[in-house]
Amino acid sequence: MSIQRQAATKAFGVEEGHPTYRLRQARYYELATDIARLAKEKESRGEGPLSVLDVGTYDGVTRKYVEAQAGDLPIEWHGVDIFPYGHEYVHKHTDWQLYHCDLEEGLNGLPSNRFDVVVCEQVLEHLHGAEHASRELTRVLSPGGTLFAGVPIFPHGVHLVRKHLVPVSDRLLKVKKVRGHVQAFSLATFRRLVKDSGTMKIQRARGF
């Protein structure tokens, strides 16, 4: 019998129901710290709210983490997803501008050079056309804006095993589990993907 002990507090003050703190949560905490700082800087310049586009909104988890740190700082929230559970599934869904887009096809209908911050966390690994999607993320980012992009990172070389050999192994072993990841990145290949998407300067990168 397996027993998991539930944490008595919310992870990073945000998420309930997890027995431990996880790397995924730490990523959201770090990007929320940076977004809160950017919102404060923009407010101090008297330039109005920070415009944030969350690509792959899911349940609004990015916003939950940002609110825990940004408080009442002015932030204008925009979200992109296919919304499989409907808009109502998104945290504070009535306080967003939500766009129904399949990033595989691009951010159709969204203006270029529009958003101060674009977040794309744990999405690109699900797409066959990651290069096109990465260019679209750059397209909608305002000049001088910041892109936060995150994917699972493998040691260089191991990412090729994950991408090419695991699907073959699944077929041979008749594994029934449907794997949602169709891409696998090392830090080097992910840096190259971002740099090839436009005139981007990588400020910080983490991973193997």
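Residues numbered from 1 in each chain as written. Predicted model: local features only at pLDDT ≥ 70, side-chain atom pairs only at ≥ 80, totals over all residues. Heavy atoms only, no water.

Quick word on the overall build of the chain
Thought 1: When helices and strands are tallied, the chain shows five helices and five strands.
Thought 2: Secondary structure elements of the chain occur, N-terminal to C-terminal, as α-β-α-β-β-β-α-β-α-α.
Thought 3: For 208 residues, the compact-globule estimate of 2.2 N^0.38 gives 17 Å, and the chain sits close to it at 18 Å.
Thought 4: When its C-alpha atoms are laid out on the principal axes, the chain stretches across 60 × 45 × 35 Å.
Thought 5: Among the 208 residues that make up the chain, the fraction classed as buried is 41%.
Thought 6: Sequence separation of 24 or more characterises 69% of the internal contacts of the chain that already satisfy a separation of 6 or more. (Helix = DSSP H or I, 4+ residues; strand = E, 2+ residues; numbered from the N terminus. Rg over C-alpha atoms; globule rule 2.2 N^0.38 Å. Buried < 20%, exposed > 50% of the residue type's maximum accessible area, 1.4 Å probe, protein only. Contact = heavy atoms within 4.5 Å.)

With respect to the packing of helix 1 (residues 23-44) against helix 2 (residues 61-70)
Thought 1: Remark: helix 1 packs on helix 2, axes separated minimally by 8 Å, with the N-to-C direction vectors making an angle of 55°. Relative to helix 2, the element helix 1 lies oblique. Along this stretch, helix 1 crosses helix 2, giving a crossing that reads as right-handed. Seen from helix 1, the contacting residues are R24, Q25, Y28, Y29, L31, A32, T33, I35 and A36; seen from helix 2, they are V61, T62, Y65, V66, Q69 and A70. (Axes fitted to C-alpha atoms, helices over the stretch in contact; angles between N-to-C directions. Parallel < 35°, antiparallel > 145°, perpendicular 65-115°, else oblique. Left-handed = near helix turned anticlockwise from the far one by under 90°.)

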